[in-house]
Amino acid sequence: MNCIEVTNAIWSGVSSADLEAHLEVCTVCQKERETKRLLFQNMRELVEVPKPSRSLLPDQDEIKRAVKRNRYADWLKRLGRLSLGREGPTPSTSE
């Protein structure tokens, strides 16, 4: 592997025996890997991701209202299509 391939592999997270063999002898690529490691370490230290709290969950009453609102939605859509003649049995033409 050449340095460009190794650099691409380092930043894409790919690992292989060829990559490791190259890193054993190439100080430039060793520094690139160390740069990536330090960058990600610093990012983890700088960014504090809050854990979700129960307050992010919908209220039980809100869930019940949503279920009640949508309970008949599918049937209402079908009823609308039936009234427009888009769904259901075709009317008989025999008299």
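Since the structure is predicted, the reported quantities are computational estimates derived from the model, not experimental observations.

1. Observations concerning the overall build of the protein
Helix and strand counts for the protein stand at 5 helices and 0 strands. Sequence-distant contacts in the protein: of pairs separated by 6 or more residues, those separated by 24 or more amount to 17%. Carbon together with sulfur atoms contributes 57% to the accessible area of the protein, which is approximately 8,700 Å² in total.

2. Points about the environment of Ile10
Tracing the sequence through the fold places Ile10 in helix α1 (residues 3-12). Spatially, the C-alpha atom of Ile10 lies 7.8 Å from that of Glu32, the residues being 22 residues apart in sequence. Not counting residues within four places of it along the chain, the set of residues in contact with Ile10 comprises Leu19, Leu23, Cys29, Glu32, Arg33 and Lys36.

3. Thoughts on a nonpolar patch on the surface
Taken together, the side chains of Trp11, Leu39, Phe40 and Met43 make up a nonpolar region of the molecular surface, amounting to roughly 360 Å² of accessible area. Counting residues per element, the nonpolar patch draws most heavily on helix α3 (residues 27-46), which supplies 3 residues. Tracing the backbone through its elements, the reader meets Phe40 in helix α3. With a relative accessible area of 36%, Phe40 lands in the partly exposed category.

4. Overview of the pattern of salt bridges
If you walk through the whole model with that rule in mind, you get 2 salt bridges. Its salt-bridge partner being Glu34, residue Arg37 comes within 2.6 Å of it at the nearest N-O pair. Taken as a pair, Arg37 and Glu34 lie in helix α3 at a separation of 3 residues, close to a single helical turn.

5. Examining the state of the cysteines
As enumerated under the stated definition, the model contains 0 disulfides in all. Residue Cys3 stays outside any disulfide, its sulfur separated by 3.7 Å from that of Cys29, the closest cysteine. We classify Cys3 as partly exposed; its relative accessible area is 34%. Here Cys26 stays free of any disulfide, with the sulfur of Cys29 as its closest cysteine sulfur at 3.7 Å.

Calculation notes
Residue positions are counted from 1 within each chain, in the order its sequence is given. Residue-level local features of this predicted model are given only where pLDDT is at least 70; pairs of side-chain atoms are given and counted only at 80 or more, and the full residue set underlies all totals for whole chains, interfaces and linings. In computing side-chain values, all of the structure's heavy atoms are included and hydrogens and water are not. Under the scheme used here, helices are H or I runs from DSSP no shorter than 4 residues and strands are E runs no shorter than 2 residues, and both carry numbers assigned from the N terminus. Throughout, a residue-residue contact means that at least one pair of heavy atoms, one from each residue, lies within 4.5 Å. Here, Shrake-Rupley sampling with a 1.4 Å probe gives the accessible areas, and only protein chains in the shown set may cover a residue. Only residues whose relative accessible area exceeds 30% and that form no salt bridge are eligible for patches; like-charged ones are grouped when within 9 Å, while nonpolar side chains (Val, Leu, Ile, Met, Phe, Trp, Tyr) are grouped when within 5 Å. By convention in these notes, a salt bridge is any Lys or Arg side-chain nitrogen within 4 Å of a carboxyl oxygen on Asp or Glu. Each residue's exposure class comes from its accessible area (1.4 Å probe, protein chains only) as a fraction of the maximum for that residue type: buried when under 20%, exposed when over 50%, partly exposed otherwise. Two cysteine sulfur atoms form a disulfide, by the criterion used here, when they sit within 2.5 Å.

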